[in-house]
Amino acid sequence: MAFLTALLLVQSSLLICYDGGFERWCLLKLLHEAARELSVTGSYDVLVAGGGVAGVAAALAARRCGATVCLVEKNCALGGLATLGNVTIWLPLCDGRGNQVSGGVAEELMRLAVRDLAADNREAGFYGIPACWESGGSEEERRRQRFSAGFNPVSYLMALEELVSGEGVEIRYDTRLCSLARRGETITHAIIEDKGGRSALAAAVFVDATGDADLCHLAGEATEVLDSNVLCGWFYYMVNGVLRLRHCSNKYSPSLTREGAEGPFFRGDDPVAVSTMVQESRKLMAGTLEKLRVELAGAEVEIFTIPVIPCFRATRRYAGGYTIVEEEAHKWHHDTCGMVSDWRKAGPVWAVPWRSLCASGAGNLAVAGRCVAAAGGAWDVLRALPGCAVTGEAAGTAAALVAAGGGDLRKLDAGVLQARLRARGVILGREKLGRSGLSNNDGIA
Ligand SMILES: Cc1cc2nc3c(=O)[nH]c(=O)nc-3n(C[C@H](O)[C@H](O)[C@H](O)COP(=O)(O)OP(=O)(O)OC[C@H]3O[C@@H](n4cnc5c(N)ncnc54)[C@H](O)[C@@H]3O)c2cc1C
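Residues numbered from 1 in each chain as written. Predicted model: local features only at pLDDT ≥ 70, side-chain atom pairs only at ≥ 80, totals over all residues.

### What to know about the overall build of the protein chain
Across its full length, the protein chain carries 10 helices and 18 strands. For 445 residues, the compact-globule estimate of 2.2 N^0.38 gives 22 Å, and the C-alpha radius of gyration of the protein chain, at 22 Å, lies within 12% of that figure. Dimensions of the protein chain, computed from the C-alpha atoms along their principal axes, are close to 75 × 60 × 40 Å. (Helix = DSSP H or I, 4+ residues; strand = E, 2+ residues; numbered from the N terminus. Rg over C-alpha atoms; globule rule 2.2 N^0.38 Å.)

Have a look at this one:
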């Protein structure tokens, strides 16, 4: 085998490559791309890559601390999975025991999601925040009804754009982050591609909110990749002209492994797997629709909207710094920068340490959203919308705090970050960590 490989490598333009799965050999042609100079088409205090809920929270937080901010998004809308993926349940900001544990931008973005809701429509998954979470609500009711909401993805997409651009964040749509330029431990530029071709954006600090830890990967940070994603795609359909939402998904494992989950399985950093997963998920949706037509015989059943981005739950995450694990519910960290409850059951609350968001290799890189350093069940909790907004706000705030002074996030005093976050309404308190409790798993995320 080694002899064969060596022999073929003599052909300078051909490389024998083994794909790692004992399944196939493939021949790849190598093309040398000529070096070229790139125009620097923008310069900012903070550049946020990825315009999902985490990126929106990071961009807003940084801007509100006075930073100039660019938000780079490869699609042409904000919200990521929450809007383009039809994932429309804002999971709870409370611990299921009547206590709110996530505030700040997380609460603001949840309220924005249902701001334009004319009336509840449970069939379509649209429902407002329970009245008990407005002022005057009783504690008993807050224990029974969690601080959650179901929203219309299209109105949310429009509201997010209005908010973010209205606050002076420069949104760059149709722009993919492709590479990085760095000087030692400092990232100096994001290399992007858009309709104008390839160019560079300079920034003092960068936030990876790509959901897939693309920036971390490009910067050479430690990452973990999961290969256990299942087919899924929440879709809207009409029954006799009435809108309904279907939570269409093969079973996935709460530990985000393959154990107990229904294959086929996919990893989100493999381009072939991404395309296959998207197409096979559409077949799953089509099959589900056919079953609905049989169940609802006589009714007019038609598809309305499907996700237009890949619906991976967990692809690649930052694995340096401090990894949050399931067993650490109720544990306070000296550098806690946000708090997130367990959407699966009442009781557990995680304090999120700043070290899980702060890159250890590059000094000016922070991570937010579903790619922060959390593993297993804790990753399953943190990847939901409250966790994405909480980590986004912390990352954006930290980025703005260090942008003017050399941009080294690793030197940021956690006390300074906590003070700024508290001033913005972020909930940080040991007393909120509580103790674990009764199961109340709605099992949908
Ligand atoms: C089937 C399913 C059901 C779920 N159910 C729920 C639920 O009920 N409630 C809940 O709270 N959560 C749920 N989740 C989880 C939640 O929706 C996501 O984890 C969360 O929305 C992730 O937000 P994010 O901002 O971290 O990432 P994303 O939403 O993935 O956003 C990342 C953004 O970055 C952009 N991007 C990526 N790479 C690049 C690049 N290189 N350059 C430029 N832009 C880039 C993407 O286009 C995207 O807009 C569910 C997820 C799935 C898949």
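Here the narrative resumes, following the displayed structure.
### Quick look at the packing of helix H2 (residues 53–64) against helix H9 (residues 385–403)
At a minimum axis distance of 7 Å, the contact between H2 and H9 shows a crossing angle of 35 degrees. When the axes of H2 and H9 are compared, the crossing they make is right-handed. The segment H2 lies against H9, with Val53, Ala54, Gly55, Val56, Ala57, Ala58, Ala59, Leu60, Ala61 and Ala62 engaging Leu385, Cys388, Ala389, Thr391, Gly392, Glu393, Ala395, Gly396, Thr397, Ala399 and Ala400. (Axes fitted to C-alpha atoms, helices over the stretch in contact; angles between N-to-C directions. Left-handed = near helix turned anticlockwise from the far one by under 90°. Contact = placed C-beta atoms within 7 Å.)

### Some remarks on helix H3 (residues 104–113)
Of all 10 residues in H3, seven are buried; the element is thus mostly enclosed. Every buried residue belonging to H3 is among Gly104, Val105, Ala106, Glu107, Leu109, Met110 and Ala113, and all of these are buried. Where H3 is buried, its residues touch H2, strand S5 (89–90), strand S6 (149–150), helix H5 (153–166), H9 and helix H10 (414–423). (Buried ≥ 20, exposed ≤ 12 C-beta atoms within 10 Å, placed from the backbone.)

### Digging into the domain arrangement of the protein chain
According to the domain assignment, the protein chain contains domain 1 (1–32), domain 2 (42–226 + 315–432) and domain 3 (235–305). Relative to domain 2, the C-alpha centre of domain 1 lies at a distance of 41 Å. (Domains from an automatic or database assignment.)

### So, the site of the ligand
Around the ligand sit 39 residues in total, of which Gly50, Gly52, Gly80, Gly211 and Gly369 are the nearest. The element contributing the most residues to the shell around the ligand is H2, with three residues. Here the residues of the shell around the ligand are counted per class, giving 21 nonpolar, 10 polar and eight charged. (Near = placed C-beta within 6 Å. Nonpolar A, V, L, I, M, F, W, Y, C, P; charged D, E, K, R; others polar.)

### What to know about the environment of Met158
The residue Met158 is located in helix H5 in this model. C-alpha of Met158 to C-alpha of Ala113: the two residues are 45 residues apart in sequence and 9.9 Å apart in space.

### Some details on the pairing of strand S4 (residues 69–72)
Covered by surrounding structure in S4 are Val69 and Leu71 together with Cys70 and Val72, the residues of both alternating faces. The pairing of strand S3 (residues 40–49) with S4 spans four bridges and is parallel. When the bridges of S4 are listed, Leu47 appears paired with Cys70. Regarding the hand of the β-α-β motif, the stretch spanning S3, H2 and S4 is right-handed. Pairing between S4 and strand S7 (residues 170–172): three bridges, direction parallel. Within S7, the position partnered with Leu71 by the bridge is Ile171. (Pairing = 2+ DSSP bridges. Right-handed = clockwise from strand over helix to strand, strands pointing away.)

### Details of the nonpolar core
Proteins that are soluble and globular tend to have nonpolar side chains buried together. Val46, Ala366 and Ala399 are the most contacted members of the largest nonpolar core, which has 131 residues in total. There are two domains that each give this core at least three residues, and those are domain 2 (42–226 + 315–432) and domain 3 (235–305). In this structure, Ala399 is in contact with Val46, Ala62, Ala67, Val205, Val207 and Ala366, ignoring residues within four places of it in sequence. (Core = buried A, V, L, I, M, F, W, Y, C linked by C-beta atoms within 7 Å.)

### Some remarks on the pairing of strand S13 (residues 242–246)
Both strand S12 (residues 235–239) and S13 contribute to a ladder of five bridges, which runs antiparallel. By the bridge assignment for S13, Met238 is matched with Leu243. The loop that links S12 with its antiparallel partner S13 comprises two residues; one of these, Asn240, has a positive phi angle of about 50 degrees.

### Description of the sheet that holds strand S14 (residues 301–305)
Spatially, three strands are ordered S13-S12-S14 in an open sheet, and the strand pairing comes out antiparallel. Every interior strand has two partners, whereas the edge strands, S13 and S14, have only one. On average, adjacent strands in this sheet sit at an angle of 35 degrees to one another, irrespective of strand direction.

### Observations concerning the environment of Pro130
Inspection of the secondary structure assignment puts Pro130 in the loop between H3 and helix H4 (139–144). By the C-beta count within 10 Å, which is 16 here, Pro130 ends up partly exposed. Sequence separation between Pro130 and Arg146 is 16 residues; the distance between their C-alpha atoms is 7.7 Å.

### Re the environment of Asp208
The residue Asp208 is located in strand S10 (residues 197–208) in this model. On the basis of neighbour count, Asp208 is assigned to the buried category, with 33 C-beta atoms found within 10 Å. Put simply, Asp208 and Leu365 are 157 residues apart on the chain and 7.2 Å apart in space, counted from C-alpha to C-alpha. Dropping the residues within four chain positions of it, Asp208 is found in contact with Ala49, Ala213, Asp214, Leu215, Cys216, Leu365, Val367 and Cys371.

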